[in-house]
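Inside the fold
Each chain is listed here by its residues.
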Amino acid sequence: MNLVPLNVLPETDHRLLQELGSAADALGVELWLVGGSVRDALLNHSLVDLDLTSEMSADELVPALMKAVEIRVISRSRFGTIKLAVGNRTLDIATARSEHYSRPGSLPAISPGNMATDLARRDFSVNAMAASLKPDSFGALLDPEDGV
């Protein structure tokens, strides 16, 4: 199993991801760090954005996470992404999804998806990776598009 070196994160961010991953796991849900955050960690760069995804609806997951971690909702998008604040840190949590475009340049119609379809819709394979936040597989790499 390949691991993403999440130890490049500041201790407060590392602990936050562990707490969120544990809270999701208690619900029987796997939470993932996704996209450029994973790419940057693999390159041993500091992580600016923390983008999270789960196959559970973010609208259902966030209230449960709020019971475990002191977070507040900043905003919600029509694409199922919720921006959260935890202390001075903001992060985005999204529902795994698939997208369909009715014509070039149009906004997508979205539907629930799994992690494979969510990662496949991303712009570049190097951004189509995820790191598990589940306690027993924390940092495990999911790379279905061969981004590494």
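Residues numbered from 1 in each chain as written. Predicted model: local features only at pLDDT ≥ 70, side-chain atom pairs only at ≥ 80, totals over all residues. Heavy atoms only, no water.

A few words on the packing of helix α1 (residues 11-26) against helix α3 (residues 58-68). When two helices pack together, their arrangement is given by the angle between their axes and by how far apart the axes lie. Relative to each other, α1 and α3 sit at 120°, their axes nearing to 9 Å. Here α1 lies oblique to α3, going by the angle between them. In the crossing of α1 with α3, the sense of the turn from one axis to the other is right-handed. Touching L20, A23 and A24 of α1 are L61, L65 and A68, all from α3. A class-by-class count of the residues in the contact of α1 with α3 yields 6 nonpolar, no polar and no charged. (Axes fitted to C-alpha atoms, helices over the stretch in contact; angles between N-to-C directions. Helix = DSSP H or I, 4+ residues; strand = E, 2+ residues; numbered from the N terminus. Parallel < 35°, antiparallel > 145°, perpendicular 65-115°, else oblique. Left-handed = near helix turned anticlockwise from the far one by under 90°. Contact = heavy atoms within 4.5 Å. Nonpolar A, V, L, I, M, F, W, Y, C, P; charged D, E, K, R; others polar.)

The next point concerns unusual backbone geometry. Even without being a glycine, N44 presents a positive backbone phi close to 60°. Within the secondary structure layout, N44 lies in the loop between α2 (36-42) and β2 (51-54). Although it is not a glycine, D146 sits at a positive phi angle of roughly 60°. Summarising the element assignment, D146 is placed in the segment after β9 (141-142).

Here the focus is the sheet that holds β9. Taking strand neighbours across the sheet as the criterion, the 7 strands line up as β3-β4-β5-β2-β1-β8-β9 in an open arrangement whose pairing is mixed. On the outer flanks of this sheet lie β3 (72-76) and β9, each paired with one strand and no other. With 2 bridges connecting them, strand β8 (residues 130-132) and β9 associate as antiparallel partners. In the sheet register, A131 faces β9, and the bridge partner there is L141. The strands touched by α3 within the sheet are β1 (31-34), β2, β3, β4 (81-86) and β5 (89-95), with β5 carrying the most contacts at an inclination of about 140°. (Pairing = 2+ DSSP bridges.)

We now examine the pairing of β3. Sheet topology note: the β3/β4 ladder contains 4 bridges and is antiparallel. Along β4, the bridge assignment pairs S75 with K83. In textbook terms, the turn of a hairpin is the stretch between consecutive antiparallel strands, and for β3 and β4 this stretch comprises 4 residues, one of which, G80, has a positive phi near 85°.

It is the rolling of a water-molecule-sized probe over the atoms that shows where space remains empty. In this model, the largest pocket occupies a volume close to 220 Å³. V34, D51, A94, R121 and R122 are, among the 15 residues lining the largest pocket, the residues nearest its centre. Looking at the lining of the largest pocket, the elements with two or more residues in it are β2 and β5. Here the lining of the largest pocket takes 3 residues from β2, the largest share from any one element. In the lining of the largest pocket, the residues fall into 3 nonpolar, 5 polar and 7 charged. (1 Å grid on protein atoms, 1.4 Å probe; cavity = no way out; pocket = protein on both sides within 12 Å on 5 of 7 lines; lining within 4 Å. Points joined across faces, edges and corners; volume = space filled by probe spheres on them.)

Grouped together as the largest cluster of nonpolar side chains are 31 residues, with contacts concentrated most on L33, L52 and I93. Secondary-structure elements contributing two or more residues to this core are α1, β1, α2, α3, β4 and β5. Looking at this core element by element, the count peaks at 5 residues for α1. Beyond its immediate sequence surroundings of up to four residues, L33 is in contact with L6, L17, V38, L47, L50, D51, L52, M129, A130, A131 and L133. (Core = buried A, V, L, I, M, F, W, Y, C linked by side-chain atoms within 4.5 Å. Buried < 20%, exposed > 50% of the residue type's maximum accessible area, 1.4 Å probe, protein only.)

As far as function goes, none of this settles anything; it's purely spatial.
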